[in-house]
Amino acid sequence: MVTSLAVGYGMARALGVPAMIGMMVGGMMGLMSAFAVAENTWQRLARAILWMPFPYAAVLWLAAELHDDRRLEIGLMVGALALTFFLARFGQLYLLTGMMLFNGLMVGMMANIPAGMSGKALLVALASAAAVLATRLLLCYPMPREDLLRTQRAFVVEARRVADAAVEALDPDADQERAVRRMTRALRRLNVTTVTIDGRLAQPEVAADPDMAELLHRHLFDAELALRGIGRAVQDLTGLAVPPRLREALVVGLVVARDTPLGSAQGLRPAAEIIRRQADAVPNGPGAGSGRAAAVEPAYRVAQLLDSLAGSLSHWLALGWSSPQSPAKVPFQPTVALERDRPAGSAAATRRVLAAGTETSWRRVVPFVRAPLHAGVAAAIVCPITDAIDPQRFYWGLVGVMITLFGTNTTHERLRKFGHRMTGTVIGAVIGIALLHLVGHGHVYVMLTIIVAGITLGAWGMQRAYALWVVGLVVALVQLYGLTTPDAGMDHLLGERLLDNGLGILIATLCAALIFPLSGRRITREAERGYVSAVDDLVSQLALRWEDPEAPVRLRGAARALDSALFQVVSLVRPLVRMPLGVRGRDADNRTALLTTATGHARALAAAADIDIDLAPRQAERFTRVITVLTGSLRALDHALATGEPEESWQRISPLVRELKAELDTAPSGPRAERVRTALRELAALDDALAGYAERCGLTVRSASPLGIVSSPMERRTQALVAEWGTHRAPRDAAASARSAARSTTERSTTGTATVGPGTPGPPGTETASPERALPTPPPPLSATPSGGVTVAGSIRCDRHPAGCAGWVTVINGRGKRVAAGSVQSGRYRVDGLRPGPHTLIVSASAHAPHAELLSVPSAGGTGRIGHDMWL
């Protein structure tokens with residue numbers, strides 16, 4: 001802003017243009033560069049910034065030509081605003097073009113620039129844009145490696161904040177309630193920062209160095225998991241009688257974690273050892289038989305997590321320091337996982353709902369014209385009203401329309417923005433007028449300093465709360481208004497601005513609610529379906545990880561997707577006004593709390609289950625049953641969220657997990673076996689949290705039957721009917737089924753190097769640290785367990801993608817009803833719960849036309865696994 005204003009002023013003096021016009025034209029280049037241009041290469045940065053003057057100067061000339069026709073001028077403003085929202089669908093450069101057209105018309109009307117001055121205005125805009133580009137390249141040159149290091153420092157800052165809150169919580173004289181609240185806020189900020197960093201890190205499949213990119217994701221995930229575990233352990237300790245020496249050791253360890261320099265993360269290990277020694281001494285110390293002994297387990301947990309944090313944090317930071325100097329090879333590039341450099345909110349769910357309802361006939365154009373219609377109709381209503389209030393400043397109402405429709409998707413979000421806008425304007429007006437009275441009108445440089453400071457602080461606060469940006473903006477604008485408005489008229493002017501903005505926001509909100517409306521409840525349910533889909537993807541990847549160690553599975557990445565899905569749900573269920581406890585409307589909070597708990601267990605599951613194991617055949621059969629039941633429950637929940645009709649039930653997998661754990665208890669102990677038990681414990685806890693959520697969604701919750709038992713007469717009748725129908729249907733599709741069965745192959749069977757379960761253990765040295773690699777065991781044969789259905793898995797390949805294609809698979813039965821679906825990752829897929837009989841397997845991929853093949857599920861038996869490979 002400083003650069004653009006200075007160059008605009010200098011060019012105005014050089015070309016004989018009024019200084020105010022030169023600064024308005026040049027200042028717009030700086031403002032739009034700061035808020036609308038965010039590119040990660042100098043070529044893309046130069047293209048965007050140097051393009052801005054052309055549409056801007058073109059409409060300056062048009063506004064001058066139409067200045068005598070008031071109605072046409074206002075109509076053109078309305079059309080330009082609608083065009084901006086239309087162009088936003090086609091990419092950043094198109095959006096920037098629309099915004100420059102709108103801004104050019106607005107400045108042309110405000111400043112009354114003569115048509116003959118349009119050429120000079122173009123020169124001013126070009127010079128200002130070039131100066132802004134040079135300033136950004138000089139001070140903010142895109143440097144991926146430095147960006148990576150900067151985000152690592154940001155993570156360490158949030159980690160220190162968590163450690164500092166933990167130190168305060170362990171202070172016996174501190175307010176425990178306040179300390180726990182501070183700890184909760186610190187953990188929430190840590191999670192937001194981590195998800196943001198993870199979204200900016202390149203995904204391994206597109207990175208120049210896939211291994212390094214994967215390790216960056218992995219160590220970042222583990223570091224956050226350790227910090228969250230430390231936070232929870234300290235919260236447990238606040239309610240216990242901790243021995244003074246143990247408390248002192250804990251505080252010392254956390255202070256070391258807080259104050260350790262970036263390059264000395266390994267220094268946390270001695271602090272963990274001190275805590276461990278003091279915890280060992282508690283049973284033998286004074287008062288060992290009292291409640292103090294209860295503090296030993298959380299203290300051990302803190303020590304263990306400090307060790308884990310030391311390893312993951314030091315490795316993560318070392319990877320950043322050792323990253324290549326070449327920008328093209330640094331695994332740190334923005335990805336589509338973020339929206340405006342923040343975790344994605346309600347936009348993704350809104351797009352899915354809009355697309356689902358506009359797939360046929362004329363409604364296909366709705367996604368393109370919906371936002372432009374909202375903006376155009378709202379502007380057409382607002383402009384006559386605000387023009388009647390003050391013809392010189394009617395555009396304040398248009399600004400209200402624009403800010404309302406940009407970045408919001410639901411009525412709640414728009415009303416929340418209305419509240420922030422009104423509150424920020426009032427507070428900014430009070431502060432701005434006080435500063436104007438304090439400084440006076442004769443100190444131009446002081447006023448300019450306040451303007452720059454106000455915009456700077458507002459931009460800093462924009463991502464924290466929209467009201468903070470409005471406060472900074474209004475403080476700056478009051479100084480500008482003070483140059484032309486007497487003190488007696490300032491209250492009226494600011495009141496008029498508040499009224500015009502408020503009218504624009506409310507009318508835009510009303511138009512969005514009436515023109516092609518989208519139900520907020522439906523959008524929320526779609527976001528919750530996205531969360532359920534992310535859980536299903538995690539469970540599917542877990543099954544593939546344990547069955548095929550060579551599969552390119554990213555369990556931590558799947559768990560991180562749950563974080564992103566949870567952000568979307570929270571952004572939608574957050575109430576407009578927080579009601580006191582006990583008032584209706586708290587159900588959304590309870591559902592969100594259950595999903596938050598489930599996400600925590602999913603993180604722990606992903607970290608514990610990321611190992612290579614070989615289950616004995618009986619254990620593998622039980623594990624397959626666990627996964628099949630859980631995925632079936634997830635699909636029942638997804639159906640209930642999609643239709644609003646909970647027709648099926650949620651089956652708890654706890655009895656099945658207990659059976660499997662009982663099998664594992666007979667296995668030799670070791671780090672790998674312990675991690676398997678931890679993974680199963682977290683899987684059961686994830687199921688418990690989701691069962692509570694499913695119950696609140698209307699599903700009946702019951703326990704799954706043990707392996708080999710059909711739990712209800714209805715299930716037995718249903719299986720008999722399906723089997724009978726499949727027998728009648730089979731002759732008609734005999735030839736097709738035979739061809740499909742000939743193509744179907746079971747997965748390769750090899751001998752494992754280590755066994756978790758009864759049997760002969762692997763050779764010495766197979767119990768290694770993660771990541772571990774072992775050969776997969778043979779898949780369990782088809783069994784006579786009719787209640788769980790058959791799992792079909794295989795690969796999908798083509799000539800263009802020998803490593804495997806990406807896409808989706810859908811299975812429909814002989815009646816044309818969809819019975820299963822799943823994603824294809826690196827050419828591998830898996831679908832569960834298929835009943836005996838003929839099916840059709842359909843593959844959809846972005847690089848191929850849809851492909852369908854017949855699939856015959858044998859009627860002999862009923863559960864188990866078959867393979868089916870496809871070549872596109």
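Calculation notes
Numbering of residues starts from 1 in every chain and runs along the sequence as written. In view of the model being predicted, local features appear only for residues whose pLDDT reaches at least 70, and side-chain atom pairs are presented and counted only at 80 or more, with totals across whole chains, interfaces and linings using the full set of residues. Neither water nor hydrogens contribute to the side-chain values; these are computed over all heavy atoms in the structure. The axes used here are C-alpha line fits, helices contributing only the stretch in contact, and every angle between their N-to-C directions lies in the interval 0 to 180 degrees. Here a helix means four or more residues in a row that DSSP labels H or I, a strand means two or more in a row labelled E, and each is numbered from the N terminus. When an angle is under 35 degrees it counts as roughly parallel; over 145 it counts as roughly antiparallel; between 65 and 115 it counts as roughly perpendicular; any other value is oblique. Note on convention: near helix rotated counterclockwise from far helix by under a right angle means a left-handed crossing. Clockwise means right-handed. Contact criterion: two residues are considered in contact whenever any of their non-hydrogen atoms come within 4.5 Å of each other. As a working rule, the residues Ala, Val, Leu, Ile, Met, Phe, Trp, Tyr, Cys and Pro are called nonpolar, Asp, Glu, Lys and Arg charged, and the rest polar, with Gly in that last group. To estimate how far a helix should reach, multiply one less than its number of residues by 1.5 Å. Any residue under 20% of the maximum accessible area for its type is buried, any over 50% is exposed, and the rest in between are partly exposed; the area is computed with a 1.4 Å probe on protein chains only. The directions from the helix axis to the C-beta atoms are what the arc is built from. Any two of the Phe, Tyr and Trp rings considered here, Trp counted by its six-membered ring, make a pair once their centres fall within 6.5 Å; the pair's planes then place it as stacked at under 30 degrees, edge-to-face at over 60, or tilted in between. By definition, being over a ring means that NZ of Lys or CZ of Arg is both within 6 Å of the ring centre and within 35 degrees of the ring normal. Each patch is built from residues lacking any salt bridge and having more than 30% relative accessible area; the joining distance is 9 Å for like charges and 5 Å for nonpolar side chains (Val, Leu, Ile, Met, Phe, Trp, Tyr). A 1.4 Å probe and the Shrake-Rupley method give the accessible areas. Residues count as covered only by the protein chains that appear here. Counted as salt bridges are all cases of a side-chain nitrogen of Lys or Arg within 4 Å of a carboxyl oxygen of Asp or Glu. pLDDT measures how confident the predictor is about each residue, on a scale from 0 to 100.

## Overview of the packing of helix 12 (residues 268–281) against helix 13 (residues 296–321)
Describing two packed helices takes the angle between their axes plus the distance from one axis to the other. One way to put it is that helix 12 packs onto helix 13 with a least axis distance of 8 Å and a crossing angle of 165°. Between helix 12 and helix 13, the interaxial angle falls into the category roughly antiparallel. As for the relative orientation of helix 12 and helix 13, their crossing is left-handed in sense. For the pair formed by helix 12 and helix 13, the contact residues are Leu268, Arg269, Ala272, Ile275, Arg276, Ala279 and Asp280 on the first element and Val296, Ala299, Tyr300, Val302, Ala303, Gln304, Leu306, Asp307, Leu309, Ala310 and Gly311 on the second. Taken together, the residues of the contact of helix 12 with helix 13 break down into twelve nonpolar, two polar and four charged.

## Quick notes on helix 24 (residues 617–643)
Residues separated by three or four positions in an α-helix point in the same direction, a consequence of the helix having 3.6 residues per turn. Taking 1.5 Å of rise per residue, 27 residues should cover 39 Å, and helix 24 covers 39 Å from first to last C-alpha, within 8% of that figure. Just beyond helix 24, the residue with positive phi is glycine 644, at close to 75°.

## Here we look at unusual backbone geometry
The backbone of phenylalanine 516 sits at a positive phi, close to 45°, despite the residue not being glycine. With respect to the helices and strands, phenylalanine 516 occurs in the loop between helix 20 (487–514) and helix 21 (520–547).

## Side note on the environment of alanine 453
With respect to the helices, strands and loops of the structure, alanine 453 is situated in helix 18 (residues 444–461). Each C-alpha atom, one on alanine 453 and one on glycine 472, is 7.9 Å from the other, the two residues being 19 residues apart in sequence.

## Here we look at helix 18
Compared with the 26 Å implied by 1.5 Å per residue over 18 residues, the 26 Å span of helix 18 between its first and last C-alpha is a close match. Burial in helix 18 covers these residues: Met447, Ile450, Ile451, Gly454, Ile455, Gly458 and Gly461. Axial view of helix 18: buried residues confined to an arc of 135°, hence all on one face. Turned more than 90 degrees off the buried face of helix 18, the exposed positions are Tyr445, Thr449, Leu457 and Trp460. Buried-residue contacts for helix 18 involve helix 17 (411–439) and helix 19 (466–481).

## Observations concerning the packing of aromatic side chains
Evaluated as defined, the whole model comprises nine aromatic pairs. A ring pair is formed by tryptophan 396 and tyrosine 481, whose centres lie 6.1 Å apart and whose planes are at 55°; its orientation type is tilted. Of this pair, tryptophan 396 sits in helix 16 (residues 395–405) while tyrosine 481 sits in helix 19, and the two are 85 residues apart along the sequence. Under the relative-accessibility criterion, tryptophan 396 is labelled buried at 3%. One cation-aromatic arrangement involves arginine 89 over phenylalanine 368; the distance from NZ or CZ to the ring centre is 4.6 Å. The ring of tyrosine 466 has lysine 417 lying over it, and the distance from NZ or CZ to the ring centre is 5.0 Å.

## Topic: a nonpolar patch on the surface
On the surface, Leu373, Val377, Ile381, Ile385, Ile389 and Leu499 cluster together into a nonpolar patch covering about 420 Å² of accessible area. Of note, leucine 373 is situated in helix 15 (residues 366–389). With a relative accessible area of 35%, leucine 373 lands in the partly exposed category.

## Regarding the confidence of the model for the chain
Summarising the model, the chain shows a mean pLDDT of 78, and 82% of its residues fall at 70 or more. When mean pLDDT is compared element by element in the chain, helix 7 (residues 118–139) scores highest at 92, while helix 28 (residues 734–743) scores lowest at 38. Throughout residues 579–585 the model reports pLDDT below 50, and contacts reaching past four residues in sequence, or to other chains, amount to three contacts.

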